[in-house]
Amino acid sequence: MEFFTIVGRYFLPFIAFFVLLNCAFSLLKGNKKTGTLGYLVNSANGDRIPLKGFETSVGRSNSCDIVLSYNTVSRFHAVLSKHKKGWYVADTNSKTGTFINTQKVDSRAEVENGDSIVFGNAVFRFVDALVEQQMPHFEPEPVPKLYIADEEFFTGDVWSDSKNSASCAIINDSTGETFLLDNFQTCLIGRSSEAQIQIDFPSVSRNHALLSRQGNRWLIEDLDSTCGTFLNSNQIYDVQKLANDDILDIGGNTLVFKSNRY
Amino acid sequence: MTGAKWLPTLILLTAFQVLSAGQVVISKDGISKQSAIIFGLYIAIEWIYTIVSSIVRKKASPALEFVAFFLTGIGLVIVASVDEKLLKTQFVAVVIGFLCYVFLLWLISSMDRAMAMRLPMGIAAIGLLIITLALATNRNGAYNWIYIGSFSIQPSELVKVAFIFVGAAALEKLQSTRSLTQYIAFAVVCIILLFLMKDLGTALVFFFTFLILAFMRSGDIRTIILVCVAAAMGAALVVLVKSDYVIRRFSTYRHIWDDMDGSGYQQTRVLIYSVSGGLFGVGIGHGKLKNIFAATEDLVFGVLCEEWGILMGIIVILCFAFIATHSIKCAIGCRYAFYTIAAVAAGGLLLFQASLNIFGVTDFLPMTGITLPFISRGGSSAISCWSLIAFIKAADNRTWLGSRYHTEVVE
C-alpha cells in the first residue's frame, strides 16, 4: 500500500505534465487562415475584394469586414454568408436596402456566382471562388462594344469630324447600353418613361439627374434624388462639369461618360 | 492531433486515471467494487468517445476533451477520497454533463437550428431563475438551491450556458437592433434575479461574461448601451455588498490570520495544508483538509495541493489557462461569429471562475463560494462546465472539417 501511494505521489505529476504537454500543442494551434472563398467585384472600378470568412459583414462602420464609405450604405448594411447549400446575403435592417439583380432582399436571399449585389448604391458582382476554381478557363462575358466608333476615335487627341459625328456618350456599365448625347441639349436620367436615359431600378428616382450641354461641355446636376448622384464616388450637390471617363453613380448603376474632346 | 496521433495521449491519460483512482479504490480494507466500476465506466466513456469522435470527425482534435476528462477525473478521485458515497451521484452528474456537451455540439452545428433555439433557451433560463427564487431555501446566505427529494440543483449554473448561448446568438453579425435590445433585457432580468437570490459569486461570473460579450460586440453605439448596463450591474453589486453575508466575507478578506479559528478558518487551513503537501503532496486520501466543511467544493484546490502536491495544482491552473487561450486562438478565423462570441465567453467564464475559486481560497480575493470548474463536487457545476466546452469546441474549425453541415475551405 505504502509503495503504491509513493508511486502515485511521484508519477502522477509527471504523467499529468505529459498529458497536458501533448494537448497543449493542439490547443495552442488555433484555426488555420481560411482561404479566399469568394470575391466582391466593384462594378465602378473593377476592384476585387476577397471574402476570407464564412461570414462577411458589409457596412459603413469600421467594425465591418468590408467597409463601404457611401452615404447610402448603412453602418451595418448586410452580411454575406457561406453555407453548405451556397451563399446567402442577409440584409441587416439597412435603410436603403440590399438588392440581388434588382430584386430586393427581404431578410435573406441566395446569391449565385455572377449575380450583382447592390448595397445602397454601391454595385458589386459576386464571384464564388469555388465555382471560379472549378472553371479554370472561366472568363466573364466580354462587355459589349460600348460605342460605335473605333477606339482611336475616343482615345486619340485629334477629333476628326469625318470619322464620326458623335463626340459624347453615356455608357451604362451594368447593361452595356450606350447612349449618344450629340443630338441633345439636355438629357434626363431617371426611372420615368420621359427620361431619355431610362434606368428601371428601384433605387433610381423618377427624375434622378439631368445632363445639360453648355457650349462644348456636358454638365451633370442632381434633381434631389433619393439616393443621390455620385461623380467619381463623390456625391454632387451642384452642377458639375463632366470629363472623359468620368464615372456617374445613379442609384447603384454605374454610368461612364465618354468624350473625345475633354 | 488527429487520427491515431491521439492514442499515446489517451493511453497516458488512462494511465494517470488508473494510477490516481487506484489510490482510492485499493485501500487497507480491500478493493472498493463500486468505485472500481465507476472509474472503469468513466475511462470506458473516454475511450468510446475518442474512438467514435475520430471516426465521425476525422480531422477534429480531441485535446480539449482530454483536458476536460483529465480535470473531471481528478475531481472524481477527490470526491471518492473524501466520501465514497458521493462518488456515484457525482459520476451520474458528469455523465449527464457529458451528454449535454454532445447534444449542445450537435445543436449548434447548424446555425439555423442554433438561431431557432435562441428564444426557447432565453425563456427557459428566466423561467428557471424565477422558479429558483420561488422555491429556493437559504444555504450559506444565498437562495440559489432547489431541493427535489434527496437531489439538490443549482439552476444558476445551468443558466450560465443559456446566458452565453442567447448572448452569442443575439450579438452575432446577422442580428438586428431589435434582437440586441431583447438580449439586453434578458441579461438585465437574469442579473436582477441573481441579485434577488443574493448569489454574489454567480452574479460576478455573469457580470464578467456580460463584459466579454459586450467587448465582442465593439465598434457600435449599442456597445455603449451594453457597457452602461454592465456598469449598472456593477452598481447593483455594490448594493448587494451591503448584505450581512457579503460584509462578513469582505471583512475576512486579507485578515484571515486575525481570526484563524473563526471567519478565516477555511482559508487559513487551505494555506497551511497546501504548504504541508509540498511539491508532490502527502498522497491521495492522506490529507487533513478533507475534514473541513466544503472540502470537495469551494476548498477543492486546497485538497488538491495538499494531497496531490503543488505541482499538480500548477498543472491544473495551466489547464484552465490553455482552455481560455484555446478559445481565443479559435476565435480568430472562426467560421461564424456565433461560435467566436460563444467560445470566448465560455473560455473566459471558465478561467474567471477558476481564478475566483483559487484566489478566493488563497486569500488573494474575497471568498465567493464559486466552484472550481470540472473539479469541484456538484452536479449542476459539472453539467454547466461540460456544456460550456461545447461552445469552445464549435469554434475550432477542425471540428467541422468534412462534416455534413460545413463545406471544405477553398484554399
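To be clear, the structure that these remarks concern was listed above.
An account of the accompanying structure is given in this report. (Residues numbered from 1 in each chain as written. Chains lettered and ligands numbered in written order. Predicted model: local features only at pLDDT ≥ 70, side-chain atom pairs only at ≥ 80, totals over all residues. Heavy atoms only, no water.)

### Some words on unusual backbone geometry
Backbone phi values are negative for most residues with the exception of glycine, while trans is the configuration of most peptide bonds. Residues and elements named next belong to chain B. Quick reminder of the rule: Helix and strand labels come from DSSP, where a helix needs a run of H or I of at least four residues and a strand needs a run of E of at least two; each type is numbered from the N terminus. Each residue gets one of three labels from its accessible area relative to the maximum for its type: buried under 20%, exposed over 50%, partly exposed in between, using a 1.4 Å probe on protein chains only.
Even without a glycine there, the phi angle at A294 is positive, about 65°. If you trace the backbone, A294 turns up in the loop between α12 (265-277) and α13 (300-308). Unusually for a residue other than glycine, F374 sits at a positive phi of about 70°. By the element assignment, F374 lies in the loop between α15 (337-361) and α16 (379-395). Given a relative accessible area of 4%, F374 falls into the buried group.

### Points about a nonpolar patch on the surface
Residues and elements named next belong to chain A. Here is the rule: Patch membership requires more than 30% relative accessible area and the absence of a salt bridge. Residues of like charge join within 9 Å; the nonpolar side chains Val, Leu, Ile, Met, Phe, Trp and Tyr join within 5 Å. In this description, accessible areas are obtained by the Shrake-Rupley approach with a 1.4 Å probe, and a residue is regarded as covered only by the protein chains that are shown. Throughout this description, the term salt bridge denotes a Lys or Arg side-chain nitrogen within 4 Å of a carboxyl oxygen of Asp or Glu.
Together, F14, F17, F18, L21 and F25 make up a nonpolar patch on the protein surface, roughly 520 Å² of accessible area in all. Tracing the backbone through its elements, the reader meets F17 in helix α1 (residues 2-27). Since its relative accessible area comes to 40%, F17 is described here as partly exposed.

### Let's talk about the interface of chain B and chain A
By a widely used convention, the size of an interface equals the accessible area lost when the partners come together. What counts, and what does not: Any two residues whose heavy atoms approach within 4.5 Å are treated as being in contact. Once two parts are brought into contact, the accessible area they lose, counted with a 1.4 Å probe and summed over both, makes up the buried area. Each residue receives one of three labels: charged for Asp, Glu, Lys and Arg, nonpolar for Ala, Val, Leu, Ile, Met, Phe, Trp, Tyr, Cys and Pro, and polar for the others, Gly being one of them.
Taken together, the contact pairs 60 residues of chain B with 50 residues of chain A. Between chain B and chain A, a total of about 4800 Å² is buried, with carbon and sulfur atoms accounting for 66% of that surface. Remark: the boundary between chain B and chain A carries zero salt bridges. Those elements giving two or more residues to the side of chain B that touches chain A turn out to be α1 (6-25), β1 (26-27), α3 (63-82), α10 (221-241) and α14 (310-331) of chain B. The element that contributes the greatest number of residues to the side of chain B that touches chain A is α14(B), accounting for 10 residues. The class makeup of the residues in the side of chain B that touches chain A is 32 nonpolar, 17 polar and 11 charged.

### Remarks on the pattern of salt bridges
Residues and elements named next belong to chain B. For the coordinates displayed, the defined rule picks out six salt bridges over all chains. Here R269 makes a salt bridge to D261, at a shortest N to O gap of 2.5 Å. Residue R269 is classed as buried on the basis of its relative accessible area, which comes to 12%. Judged by relative accessible area, which is 60%, D261 ranks as exposed.

### Thoughts on the environment of I74(B)
Residues and elements named next belong to chain B. As for its position among the elements, I74 is in helix α3. Assessed through its relative accessible area of 0%, I74 is described here as buried. Among all residues touching I74, those that are not within four sequence positions of it are F16, L304, W308, V316 and I375.

### Remarks on the pairing of strand β11 (residues 122-128) of chain A
All names here are of chain A. What counts is decided by this rule: Any two strands are treated as partners once DSSP identifies two or more bridges connecting them.
Extensive coverage of β11 is indicated by the burial of six of its seven residues. Bridge count for strand β10 (residues 116-119) against β11 is four bridges, and the pairing is antiparallel. In the sheet register, I117 faces β11, and the bridge partner there is F124. Hairpin remark: β10 followed by β11, antiparallel, with two residues in the connecting loop; positive phi at G120, about 65°.

### A short note on the state of the cysteines
Filter applied, for reference: By disulfide we mean two sulfur atoms from cysteines, separated by a distance within 2.5 Å.
With the rule as written, the count across this model stands at zero disulfides over all chains. Looking at C100(B), it has no disulfide partner, and the nearest cysteine sulfur is the one in C385(B), 12 Å off. When its relative accessible area of 28% is taken as the criterion, C100(B) is described as partly exposed. Here C319(B) stays free of any disulfide, with the sulfur of C23(A) as its closest cysteine sulfur at 8.0 Å.

### Overview of the packing of α1(A) against α3(B)
For any two helices packed against each other, one specifies the inter-axial angle together with the distance between the axes. Stated formally: Lines fitted to the C-alpha atoms define the axes, with helices restricted to the stretch that makes contact. Angles between their N-to-C directions range from 0 to 180 degrees. For classification, angles of less than 35 degrees are called roughly parallel, those exceeding 145 degrees roughly antiparallel, those between 65 and 115 degrees roughly perpendicular, and all remaining angles oblique. Put simply, a crossing is left-handed when the front helix is turned counterclockwise from the back one by less than a right angle, and right-handed when it is turned clockwise.
For the pair α1(A) and α3(B), interaxial distance at closest approach is 8 Å and the crossing angle is 150°. In this view, α1(A) runs roughly antiparallel relative to α3(B), as classed from their interaxial angle. The element α1(A) and its partner α3(B) pack so that their crossing is left-handed. Taken together, the residues of α3(B) that come into contact with α1(A) (itself represented by A16(A), C23(A), S26(A) and L27(A)) are A63(B), L64(B), F66(B), V67(B) and F70(B). Partitioned by chemical class, the residues of the contact of α1(A) with α3(B) number eight nonpolar, one polar and no charged.

### Side note on the sheet that holds strand β3 (residues 137-139) of chain B
Residues and elements named next belong to chain B. Here we have three strands laid out as an open sheet, ordered β3-β4-β5, and antiparallel in their pairing. Of all the strands in the sheet, just β3 and β5 (151-153) have a single pairing partner and so form its edges. When the angles between neighbouring strand axes are averaged without regard to direction, this sheet yields 50°. As defined by bridge partners, strand β4 (residues 142-148) adjoins β5 across three bridges and the pair is classed as antiparallel.

### Description of the packing of aromatic side chains
Basically, it comes down to this: When two rings of Phe, Tyr or Trp (its six-membered ring) have centres within 6.5 Å they constitute a pair, described as stacked for plane angles under 30 degrees, edge-to-face for angles over 60, and tilted for the intermediate range. Whether a charge sits over a ring comes down to the Lys NZ or Arg CZ being within 6 Å of the ring centre and within 35 degrees of the ring normal.
Counted under the stated rule, the structure contains 33 aromatic pairs over all chains. An angle of 55° between the planes, with centres 4.8 Å apart, marks the rings of Y10(A) and F280(B) as tilted. With Y10(A) in helix α1 and F280(B) in the loop between α12 and α13, this residue pair bridges two chains. By relative accessible area, Y10(A) is classed as partly exposed at 35%. Here the aromatic residues Y42(B), Y49(B), F69(B), F98(B), Y101(B), F374(B) and W386(B) are joined through ring pairs into a cluster of three or more. Across the ring face of Y39(A), the terminal group of R48(A) is positioned such that the distance to the ring centre comes to 4.1 Å. Lying over the aromatic face of W106(B), R113(B) brings its terminal NZ or CZ to 3.9 Å of the ring centre.

### Some words on the sheet that holds strand β5 (residues 78-82) of chain A
Residues and elements named next belong to chain A. Ordered in space as β4-β3-β5-β6-β9, the five strands form an open sheet in which the pairing is mixed. Of all strands in the sheet, those with a lone pairing partner are β4 (66-67) and β9 (108-111), marking the two edges. Relative to β4, strand β3 (residues 55-59) runs parallel, the two being bridged by two bridges. What sits directly across from V58, in β4, is I66.

### Some remarks on the side chain of R57(B)
Mapped onto the elements, R57(B) comes out in the loop between α2 (33-56) and α3. Those residues in contact with R57(B), other than ones at most four positions away along the chain, are L105(B), T399(B) and W400(B).

### Some details on α1(B)
What counts is decided by this rule: Here a helix's expected span is defined as the number of its residues, less one, multiplied by 1.5 Å.
For α1(B), with 20 residues, the first-to-last C-alpha span of 27 Å sits near the 28 Å given by 1.5 Å per residue. A large share of α1(B) lies buried, amounting to 14 of its 20 residues.

### Side note on α13(B)
The buried fraction of α13(B) is high, at nine of nine residues. Here the buried face of α13(B) lies against α1 of chain A together with α1, α3, α12, α14 and α15 of chain B. With its phi angle positive at about 100°, G309(B) sits one or two positions after the end of α13(B).

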